[in-house]
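# Topology and contacts: notes
Read off the chains here:
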Amino acid sequence: MPSFAAKCRVVALVIVSVWIGLAALYGLLKPVSNGCIMTYMYPTYIPISTPEELSPGKYGLFLYHEGWKRIDFKEHLKKLNGVPVLFIPGNGGSYKQVRSVAAESDRAYKGGPLEHTFYQEAYLTNEEGGVDMGVARFPLPNHYTRMLDWFAVDLEGEHSAMDGHILEEHTDYVVYAIQRILDQYKESRDARTSDGAAISGTLPKSVILVGHSMGGFVARAAVIHPRLKKSTVETILTLSSPHQSPPVALQPSLGHYFEHVNDEWRKGYEVQKTRSGQYLAEPVLSHVIVISISGGINDYQVRSKLESLDGIVPPTHGFMISSTGMKNVWLSMEHQAILWCNQLVVQVSHTLLSLIDPETGQPLTDTTRRLGVFTKMFHSGIPPNFDWMTKLQLYKKPTHARNKDEKDASGSQVQALSPCPSNMHWTEDGLERDLYIQTNTVTVLAMDGRRRWLDMEKLGSDGKNHFIFVTNLAPCSGVRLHLWPQKGKMAVDQPMSKRVMEVTSKMVHIPSGPAPRQIEPGSQTEQPPPSAVFWLGPEDMHGFRFLTISVAPRPAVSGRPPPAASMAVGQFFSPKDGERGLSPGFLLLSGYSPKEMFLKEDHPLAFNLSFGISLGLLPVTLSLKTAGCGIKTSGLPVEEAGDVENSRLCKLRCFPPVALAWDTTSGLHIFPNIFSETIVVDGSPALWTSTQGSEGTTVLLLVDPHCSYRTSVSASFTAAASRFLLLYCSQIIGFSIAATFFALMRQARSWELDLPIPSMLTALESNLRMPVPFLLQAILPIIISLFFSLLLSQSLPPIASFIVISIICYLFANGSLIILILVTQLVFYVAAIVHVFIKTRWQSWEGNPCFMFLHWFINLTSGFISFKVIRVLRANPVLVTDLIAITLVCFVHPALGLFILLLSHGWCCHNALCSFLMASFRSHARRELFDSRNEENSDGFEQFAFKAGPEFKQGLPVDDKGSSSPESAKSYAEGQLEIFHHCHGMFVLHLLSTLMFAPSLLTWLQRIGMGQSFPWFWDSALCIGIILHGICYSKPEFNSMTFPVFDLEIRLSSVYLLAGYSSYISGLALAPYRVFYPMAAIGVVSSVFRIIQRKSKEGEAHFNSRKHSHRH
């Protein structure tokens, strides 16, 4: 029996698991505001006909048209002359979801390109091909020469995320649709020619693919399809699409299909060589680029880690960007909202239109130019790692004006700083209007038309050699910045080293919060939030003495009205003064009591907060409350002055704080107006594939140095529970199967040692004991996985966080498994008690007319049972179960076959438990009989036995029936209980297997009547192995089977231990579908050995005997 301490451990584990599950459910169901603007449209869907010789099956193809007027479909198709774009819906999606992006594309084509700004633009890094050609070489078009024709495939709303066979069918149809679209353009051109219309332009040779969710993966799968012609697809844009693996990889065929497609893509970017290593041909996919857009933290269905292209597409041919760091978007959005969020679909529309070459009217053919357009349109000027304080050399800009072809010392292409255009030239008002700043901090409160001089040598002394400047003024039209070698005007004909350099284009755009408001009519307006950041490091200041900040006069410079309120704050500071490190212990304790930090006035404008735990796993609530802003009195009564000064007056002087968070997986997250905000990033820390540095998060906090702040940090455990389940659900599923194998290993080991078979609950508790069982089953697989990483020359994850999180996942898996065991055990006990109760009352109903009818019906049924076929089937229930289950697995659906196996285990558990209860009751009654000393008690027992009838003795061994000893009944009861424990363990294992196929079964039910096909061979083969495993070990005496390998006999307990390790590592690899491999292998190997043993040892005992086997 488990000790009291063991029971306490189990109870505590269950309580913690339930709390995590409920907290996660609360966090996931809580509504989220994404800030998206709705997109409106007037959709019309034109069906594309299929030629008679082709059979597209049950799917369809449509062309989208935007407009409220009715059109003639045939005439509209004749005019088809744009650039084809094919939209592929995702899991359960509709072809009508194309309407938002297609409508905005039509408006973008008619309205022209986005207005040009003068903020710093993103550019290609060396890894992305920026060595040979920078983004400056990729000018965006001034007008759009050809519109986009949006097509969409109708995939009947099938759930492709749950079944690999459906994904394959969708891929086949998309390949057909691509060729059909190109053929339609030829048909339209021929129709216009026959009508005598003028022909212009060339026929399209490729189709741009845009896929949402699983549609993005289908787009990639179509590119490597053997029937797709080369160069018919050159650009793929995916929205919230998983690329690394399925969101929850439960079905083997689904995981196998993902692995196959990704392997083909990796090979597609490899240079083709002969066996001798000579160059043979360029990579097959050298012309294809892929851009993946993730929805960020609010996308609960697909995490950013799965949407990454790392290891699949090289940086020279694609990248992944989160919508939170996407230029002009800056928002996180739900899985479906990414299709209609106006900020995003507008940016996507203009980007796709910018891909069209004005000269040819077709998409750009050069991959570097296409990638450059996507980089310019999607990425902001903020470096991919914005830790400017310590890593400025990674994104070092030229310190002097360079020509466009000039390269730096390393030979890398650099982006020259471009001055403001001549049409925004300001007239200089003379030096008497200039201001000379004598402090480290400079402030601009209005567009006063003045120029401020800052002596960098003087103000940047004492280690304050960095300058940061935040403002809501637009570059060129609102503010301009210059570096001067010396004070005064410089002639144009002077050497480059003595010339004034304009650095306005180094201003980086960031999203601003809500517009400022007036507290009272006619009163001063609150400080507006900043919309741009400007940063200079020592390398940028080298060779210059002065920095000037020129602010435009109040009248608009280019006919554009100025902002309602103007702000600009700059400061010379030392980055070390703004560094703050928050350790893991500090963050964990902040969940119980918020930790406060006080920022005094004249603090650094930029704070670099380093969180020891990734905010993707442990979100924190960061609050900044104004403590003071240098105003001594507000002119109000003393009892009111405190609150007003801190809340109202300080908002008139200090700009709202801004936080910029960076994560290695999801990229940039910006939180404007962060007075109190829960900061969470869509990171994926502590995974086997995580990289060094992913265990923490860097947050850059921009706060006004004129104000003092009381800052508090508190960890949000509710949000952490939600993130925990979202990030590690696949890992937990694999660990649950591993824990079940470890429990079965404990049961098999007990049988081998001639000990009573423990229950699943007792076995789980024994495996959680410290130190040996827990270290052997929870820690050793982690060490093995790290050894594999070293063996395969892969980068190691952050070891400490990886081990801790893996152990937590394993404990949570055990807690969830305990709950499942308790629930199923309760169901079996209730069913058995009801069965025994009815059985013991059977004789009391003999005189009832209903009982007479039931007795007649049973006699009639017994005549049917007497048939020979029925008798044979009754005598071989295992054979019947095998035939039915395997037939369903091969010809209907694997989940149905596993369900039959589950019923077989359930029936075995029920019979054993009923026999145990009846034998226990008989043993108790006999003990009372032997302990009684008067005849009345003996008569009472005989009377009870007479009422119970002969059914009371059914199921007992012959020697027990003839024995009057209570020990015989007790021995039989214990044996039946062991049978229940064994069958219950098999039931739990195969229940988890069946549940993993349940999503695929739902898709099969959805497709009933729509032309079903046979299940995937790989799924059927694995499920047959699982069924064989369940049949081979349907009885506990089969646990004594051994496997002879190289003159060694491997016992079943060792096999289960290895299967548990394999399942554990499958969970670490986020591939829980691989747990079916060891399960099926055990079943197949066991069946083969049983057949061999029966043939080689005919007439002998096939299994080792057990000392107390008479119990069974």
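Residues numbered from 1 in each chain as written. Predicted model: local features only at pLDDT ≥ 70, side-chain atom pairs only at ≥ 80, totals over all residues. Heavy atoms only, no water.

### Some remarks on a nonpolar patch on the surface
Taken together, the side chains of Leu826, Val830, Val834, Phe837 and Ile838 make up a nonpolar region of the molecular surface, amounting to roughly 460 Å² of accessible area. Assignment of secondary structure puts Leu826 in helix α17 (residues 799-840). Owing to a relative accessible area of 55%, Leu826 belongs among the exposed residues under this scheme. (Patch = residues over 30% accessible without salt bridge, like charges linked within 9 Å, V, L, I, M, F, W, Y side chains within 5 Å. Areas by Shrake-Rupley, 256 points an atom, 1.4 Å probe, with all protein chains shown as cover. Salt bridge = Lys/Arg side-chain N within 4 Å of Asp/Glu carboxyl O. Helix = DSSP H or I, 4+ residues; strand = E, 2+ residues; numbered from the N terminus. Buried < 20%, exposed > 50% of the residue type's maximum accessible area, 1.4 Å probe, protein only.)

### A few points about the side chain of Gln777
Summarising the element assignment, Gln777 is placed in helix α16 (residues 772-791). Its relative accessible area of 2% is what places Gln777 among the buried residues. Residues within four places of Gln777 in sequence aside, it is in contact with Phe742, Met745, Arg746, Asn767, Tyr810, Tyr1061 and Tyr1064. (Contact = heavy atoms within 4.5 Å.)

### Comments concerning the environment of Glu601
Examined against the element boundaries, Glu601 turns out to sit in the loop between β22 (595-599) and β23 (606-611). In this structure Glu601 comes out as partly exposed when scored by relative accessible area, which is 40%. Each C-alpha atom of the pair Glu601 and Ser708 lies 4.6 Å from the other, and the pair is 107 residues apart in sequence.

### Concerning the confidence of the model for the protein chain
Parts of the prediction with low pLDDT should not have their coordinates interpreted in detail. Residues with a pLDDT of 70 or more make up 79% of the protein chain, whose mean pLDDT is 82. In this model residues 940-964 is a low-confidence stretch, pLDDT under 50, and it forms 39 contacts with partners more than four residues away in sequence or in other chains. (pLDDT = per-residue confidence, 0-100.)

### Some words on the state of the cysteines
Within the structure shown, the criterion is met by 4 disulfides. The disulfide partner of Cys420 is Cys476, and the S-S distance across this bridge is 1.9 Å. Measuring the twist about the S-S bond at about -85°, one finds the Cys420-Cys476 disulfide to be left-handed. Separated by 56 residues along the polypeptide, Cys420 in the loop between α9 (367-378) and β11 (435-437) and Cys476 in the loop between β14 (466-471) and β15 (479-484) bring together distant segments of the chain. (Disulfide = S-S within 2.5 Å.)

### Notes on the pattern of salt bridges
Going through the model one piece at a time under the given rule, you end up with 22 salt bridges. Linking Glu158 and Lys58 is a salt bridge whose minimum nitrogen-to-oxygen distance equals 3.2 Å. Remark: Lys58 occurs in the loop between β1 (43-47) and β2 (60-66) and Glu158 occurs in the loop between β4 (148-154) and α4 (164-194); sequence separation between them is 100 residues. With relative accessibility at 2%, the residue Glu158 sits in the buried group. Judged by its relative accessible area of 25%, Lys58 falls in the partly exposed class. For the salt bridge of Glu457 with Arg545, the shortest nitrogen-to-oxygen distance reads 3.5 Å. In this pair, Glu457 is assigned in helix α10 (residues 456-459) and Arg545 in the loop between α11 (538-541) and β19 (546-551), connecting sequence segments 88 residues apart. Arg545 gets classed as partly exposed once you look at its relative accessible area, which sits at 31%.

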